Amino acid sequence: MTLCIHGLAVVRGVAVGRAVVVSSGATDAPRYHIDPSQVAQELARMGGARDAVVRELQGLLAGMPADAPSEISALIDVHLQLLLDETLEAAVRGWIVEHHYNAEWALTVQTEAFGRQFDAMDDPYLRERKADLEQVVDRVLHHLKASAGGQAAAMPERPEWQPRENAPRILVARDLSPAQMLQFKEGGFAGFVTDLGTATSHTAIVARGMEIPAVVAARGVSQLVRPDDWVVLDGDAGVVVLDPTERMRAQYEAAGRDAAARDADLQQLRGVAARTRDGQAVQLLANIESAADVAAALRAGVDGVGLFRSEFLFIAGADRLPGEEEQYLAYRAVVEGMHGMPVTIRTVDIGADKPLDRARQGEAANPALGLRAIRWSLADPAMFRTQLRALLRAAAHGPVRVLFPMLAHLHEIRQALAQVALAQEELAERGVAAGPVSLGAMIEVPAAALMADEFLDHFNFLSIGTNDLIQYTLAIDRTDEAVGHLYDPAHPAVLRLLDRVIAAGRRRGKEISVCGEMASDPEFTRLLLGLGLRVFSMPAMHVLRVKQQVLAADAKALATWAQQVVASRAPRELLGMAAL
Ligand code: PEP
Ligand code: MG
């Protein structure tokens with residue numbers, strides 16, 4: 001049955017393909033494909049686990065004390081009946097024999113399907129049987145895990161599954177951590193959709209790096225879709241269609257082709273210098289998460305890297321922090337890959353929605369206001385200096401700019417700079433080559449924006465992280481979809497802070513950039529130009545669309561209008577009205 005779910009559009013474009021469901025959150029049982037030659041063995045494993053639970057339950061019934069409440073034995077009876085139900089057995093068998101799912105995956109997929117049927121039942125007694133089924137299935141999964149031995153834990157999380165016909169694949173998940181997103185980045189998916197998430201969550205940010213259409217906050221999608229279902233993903237409208245009719249599919253496929261043709265037109269702007277109509281040069285830089293993103297940045301014709309989020313190096317490292325050599329090689333790969341263009345590397349921004357397990361110590365109730373970013377680095381100076389040494393060494397291979405996230409206090413600035421000096425001394429003592437670095441601060445909290453002048457006393461450049469600046473100015477958790485509608489880049493308070501920081505930079509003749517998602521939204525390009533911004537940093541996939549706006553704009557003439565927008569009580573009403 002065709003079903004339409006509305007979510008939040010985070011990456012534009014249309015994708016049509018078959019669903020690969022990563023997890024519906026019910027269980028973390030391993031899901032992988034078995035080789036066709038392993039079918040008999042897998043069926044035996046399934047049968048063995050089921051028989052073991054049957055014996056267990058029968059043993060419980062036999063050993064039941066005479067005075068035990070009758071409900072208990074009735075419940076165990078229900079569990080036994082569910083377990084021995086032929087429909088369940090046949091369906092699970094089908095997933096193993098026909099789809100080559102491992103036993104755990106076959107069982108959980110079928111349990112979810114039956115769960116949906118139970119949910120739809122009118123009779124409350126029958127509806128409650130869903131919980132019984134899940135409980136008994138848990139027992140079977142427990143036995144399956146034991147039968148897989150150590151192997152179960154080592155199974156890949158990545159769905160290697162390919163649809164039988166060679167259709168594109170759409171990744172469907174309840175939620176994806178940034179670490180999982182990194183894992184799926186190379187997976188060749190045509191699009192992805194999640195139940196949870198917000199437009200500026202880090203999951204969405206990595207998705208933009210993947211350059212595939214994406215929708216988040218499509219509530220319930222991972223429960224409603226079945227593996228292998230056709231899915232239409234409209235990343236422009238933020239809509240997901242499950243099980244579309246053939247006609248719908250054809251229409252969306254045609255729309256996808258049109259969008260691809262428009263993108264092809266944009267490609268003509270690649271070699272064109274980003275200059276406004278009145279001759280103002282604008283730098284368009286790339287936001288990257290790893291050296292693997294450099295190729296896309298070069299393809300987009302950027303002028304450098306404006307934000308390398310180094311924390312993904314730390315998140316990917318699972319259970320240990322990357323050492324100096326490993327970090328040095330990663331940074332050097334980016335510096336060399338950019339062929340002499342400036343590379344801005346942000347020191348690690350761990351915490352809040354990018355936690356390391358290790359960093360969860362204390363399980364802060366309010367992680368966005370907790371030990372994250374520069375606070376995390378300053379709390380562990382040895383770890384921080386390991387990163388700084390790696391950055392200074394990479395700077396020997398090309399222009400490196402070091403950027404510190406989330407500074408709010410002047411004493412944090414002093415401490416961070418003191419650590420840079422110490423790292424330089426340590427390298428000199430070791431006789432290791434280091435290069436000069438330009439130093440910058442992220443403006444991400446209102447305190448920093450209000451003190452832009454003082455920040456400029458210490459730094460060569462500032463980069464405004466609008467994702468966090470909006471979060472902290474408006475007190476909106478950027479990962480909480482319940483308050484997502486209040487997250488507003490055009491809020492007068494946000495615009496006034498932006499204006500203040502850009503103006504301070506211009507007065508002091510120092511570079512100000514914006515590297516939050518706002519820089520990649522063509523709706524804001526003219527406003528930012530009018531405020532005097534000349535450096536924009538964004539995921540590579542947005543560069544040409546923003547360049548198109550830059551080429552059409554008259555920055556000088558936009559200045560007066562931009563001040564009106566900033567002073568306005570309803571800036572959104574004016575935003576679409578710039579004729580230039
Ligand atoms: C920002 O906050 O705008 C930013 C660029 O940093 P991140 O999104 O990584 O927090
Ligand atoms: Mg930030």
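Rules behind the numbers
Residues numbered from 1 in each chain as written. Chains lettered and ligands numbered in written order. Predicted model: local features only at pLDDT ≥ 70, side-chain atom pairs only at ≥ 80, totals over all residues. Heavy atoms only, no water. Phe/Tyr/Trp six-rings, centres within 6.5 Å; stacked < 30°, edge-to-face > 60°. Helix = DSSP H or I, 4+ residues; strand = E, 2+ residues; numbered from the N terminus. Buried < 20%, exposed > 50% of the residue type's maximum accessible area, 1.4 Å probe, protein only. Lys NZ or Arg CZ within 6 Å of the ring centre and 35° of its normal. Salt bridge = Lys/Arg side-chain N within 4 Å of Asp/Glu carboxyl O. Pairing = 2+ DSSP bridges. Axes fitted to C-alpha atoms, helices over the stretch in contact; angles between N-to-C directions. Contact = heavy atoms within 4.5 Å.

Draft legend 1. Highlighting the packing of aromatic side chains. The tally for this structure, following the rule as stated, stands at 6 aromatic pairs. Arranged with centres 6.2 Å apart and planes meeting at 70°, the rings of Phe 384 and Phe 404 form a pair that is edge-to-face. Taken together, the residues span a long stretch of sequence, with Phe 384 in helix 15 (residues 381-394) and Phe 404 in strand 12 (residues 400-404) at a distance of 20 residues. Each member of the pair, Phe 384 as well as Phe 404, carries the same accessibility label: buried. An aromatic cluster is defined as three or more aromatic residues linked by ring pairs; in this entry it consists of Phe 384, Phe 404, Phe 455 and Phe 459. Here the basic side chain of Arg 169 rests over the ring of Phe 189, its NZ or CZ set 4.4 Å away from the ring centre. Just above the ring of Trp 230 sits the side chain of Arg 249; from NZ or CZ to the centre is 3.9 Å.

Draft legend 2. Quick peek at the pattern of salt bridges. The final tally for this structure, using the stated rule, is 30 salt bridges. In this structure, Asp 51 engages Arg 50 in a salt bridge whose closest nitrogen and oxygen atoms are separated by 3.3 Å. In this structure Arg 50 comes out as buried when scored by relative accessible area, which is 19%. Arg 478 serves as the salt-bridge partner of Asp 468, at 2.9 Å between the closest nitrogen and oxygen. You can see Asp 468 sitting in helix 19 (residues 466-474) and its partner Arg 478 sitting in the loop between helix 19 and helix 20 (492-508), a full 10 residues away along the chain.

Draft legend 3. Looking closely at the sheet that holds strand 4 (residues 169-173). Spatially, the 8 strands line up as an open sheet ordered 1-8-7-3-4-5-6-2, and their pairing is mixed. Edge positions in the sheet fall to strand 1 (3-6) and strand 2 (8-11), since each of these pairs with one other strand and no more. Direction aside, neighbouring strands of the sheet carry axes that sit 30° apart on average. Bridging between strand 3 (residues 14-21) and strand 7 (residues 230-234) involves 5 bridges; their strand directions are antiparallel. Across the sheet, Val 16 pairs through a bridge with Val 232, a residue of strand 7. The strands that helix 10 (residues 246-266) touches are strand 3, strand 7 and strand 8 (239-242); relative to strand 3, the one it contacts most, it runs at about 120°.

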